[in-house]
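# Chain and residue survey
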Amino acid sequence: MHRCLPIVLLGAACLSACNIVGGELNTAIEEDGSGAIQLAVGYLLDEEEDEAIECTPDDTASGATAWLEQRGAETWCVTQVPFASLRGLRDLYVATFEGAARIHCLALEDERLTYDVEIVPDEPLEESSDGSAVYWRVTAPGEIDSTNAGTVEGSRMVWSVSG
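Below, the structure is looked at part by part.

### A short note on the pattern of salt bridges
For side chains bearing opposite charge, pairing can occur when the charged atoms are close. Evaluated as defined, the whole model comprises 6 salt bridges. Across the pair arginine 112 and aspartate 145 runs a salt bridge whose closest N-O atoms are separated by 2.5 Å. Pair noted here: arginine 112 is in strand 8 (residues 112-119) and aspartate 145 is in the loop between strand 9 (133-139) and strand 10 (151-153), with a separation of 33 residues, a long-range link. What emerges from the salt-bridge pattern is a single network uniting Glu24, Glu69, Arg71 and Arg137.

Take a look at the structure:
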């Protein structure tokens, strides 16, 4: 049985060993500081395994929903959790990633968002040899003045955590 867990910070070796093809953490922040995070884990499964994915939301997250999504030959378990404010987002990150993500600053002042979050994995991340990847994406309101993201797609910043 495969259980959808927050694997965003797992090493690439586990990704291929667990038939996991990738992971995503997508955070969408609205102008008022509310929004939602989506944790997604992609699997490449054979027909027998396809029935074995348990994709259910975390019981502790209020308003969480989960669903399976087909992306070509891959089956993705997606869990979405809303938040009412940046304080709520901070609380979600802390609860989900414990010590693996350090939140230095999450603030929305004078229509300017400051998003300063450091990813601190328990073990060094390895380069994936099979193309699996883990992405951390943040969609923010307005224009992006500066970022250390590897890619910017409009108002979305994308960091490749491994792969």
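### Details of the nonpolar core
Core analysis: the largest hydrophobic core is formed by 27 residues, its most contacted members being Leu89, Tyr93, Phe97, Tyr115, Val117 and Trp136. Elements represented by at least two residues in this core include exactly strand 2 (20-29), strand 3 (35-43), strand 6 (74-83), helix 3 (86-97), strand 7 (101-109), strand 8, strand 9 and strand 11 (156-162). Tallying contributions element by element places helix 3 first for this core, with 5 residues. Apart from the residues within four sequence positions on either side, leucine 89 is in contact with Thr27, Ile29, Ile37, Phe83 and Leu106. Counting residues in each nonpolar core, the second largest holds 7 residues, with Ile20, Val41, Ile53 and Cys55 among its members.

### Describing the packing of aromatic side chains
The full count for this structure, using the stated rule, is 5 aromatic pairs. Aromatic pair tyrosine 93 and tyrosine 115: ring centres 6.4 Å apart, planes at 85 degrees, arrangement edge-to-face. Of this pair, tyrosine 93 sits in helix 3 while tyrosine 115 sits in strand 8, placing them 22 residues apart in sequence. The exposure class assigned to tyrosine 93 is buried, which follows from its relative accessible area of 0%. Centroid distance tyrosine 93 to tryptophan 136: 5.6 Å. Interplanar angle 55 degrees. Geometry classified as tilted.

Calculation notes
Residues numbered from 1 in each chain as written. Predicted model: local features only at pLDDT ≥ 70, side-chain atom pairs only at ≥ 80, totals over all residues. Heavy atoms only, no water. Salt bridge = Lys/Arg side-chain N within 4 Å of Asp/Glu carboxyl O. Helix = DSSP H or I, 4+ residues; strand = E, 2+ residues; numbered from the N terminus. Core = buried A, V, L, I, M, F, W, Y, C linked by side-chain atoms within 4.5 Å. Buried < 20%, exposed > 50% of the residue type's maximum accessible area, 1.4 Å probe, protein only. Contact = heavy atoms within 4.5 Å. Phe/Tyr/Trp six-rings, centres within 6.5 Å; stacked < 30°, edge-to-face > 60°.

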